Amino acid sequence: MDRDFLIDLFADFGPVTIRRMFSGFGISADGTNFALALRGGLYLRADAETIPRFEAEGSKPFQYQTRTKTVTVASYWQLPERLYDDPEELTGWAKAALAAAQRAALKKGSKAKKVAKRAVRKKGAKKKKTSS
């Protein structure tokens, strides 16, 4: 899959940014990565809300092999083959993938805030102990 093919594939979805990533491309919209084109396959971001759609189509999550094991990346699932010829339905799947990526970013942001708050509280507790 090359850059021009991906731009054409997502034309109905709207403007996308295609960046080199690993041995393929990362595909993003509005600054959020929602798809990967790797090893001849296209993988969309998925979460608990969207994974059942992929499973119903017989799709599998992205996997790669290390020297010792197979790693499964459960947050990216292979685009069903039939959608390559159905730009309208592909657009719906791409929008759902972008929404899944945005939900993940929100979750990640709230986790980072919680960790930062804990660190501030710990620091404050240490100061109280040393000043007593």
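A few points on the structure. (Residues numbered from 1 in each chain as written. Predicted model: local features only at pLDDT ≥ 70, side-chain atom pairs only at ≥ 80, totals over all residues. Heavy atoms only, no water.)

## Considerations on the sheet that holds strand S3 (residues 32-38)
- Reading across the sheet, the 6 strands line up as S1-S2-S3-S4-S6-S5 and stay open at both edges, with antiparallel pairing between neighbours. Here the strands that pair on one side only, and so sit at the sheet edges, are strand S1 (17-21) and strand S5 (61-65). The sheet shows a mean angle of 35° between the axes of neighbouring strands, direction not considered.
- Where strand S4 (residues 41-45) meets strand S6 (residues 70-78), 3 bridges bridge the pair, whose relative direction is antiparallel. Its bridge partner lying in S6, Arg 45 is registered against Tyr 76. (Pairing = 2+ DSSP bridges. Helix = DSSP H or I, 4+ residues; strand = E, 2+ residues; numbered from the N terminus. Axes fitted to C-alpha atoms, helices over the stretch in contact; angles between N-to-C directions.)

## Quick notes on the pairing of S6
- Two strands pair when backbone bridges link them, and S5 and S6 are joined in this way by 5 bridges, in the antiparallel orientation. Bridged to Gln 63 within S6 is Thr 72.
- Count of turn residues in the S5/S6 antiparallel hairpin: 4 residues.

## Quick look at the environment of Asp 12
- Turning to its location among the elements, Asp 12 is positioned in the loop between helix H1 (3-9) and S1.
- A relative accessible area of 53% means that Asp 12 is categorised as exposed.
- C-alpha separation for the pair Asp 12 and Glu 88, spaced 76 residues apart in sequence, amounts to 6.9 Å.
- When sequence neighbours within four positions are dropped, the list of residues in contact with Asp 12 reads Pro 87, Glu 88 and Thr 91. (Buried < 20%, exposed > 50% of the residue type's maximum accessible area, 1.4 Å probe, protein only. Contact = heavy atoms within 4.5 Å.)

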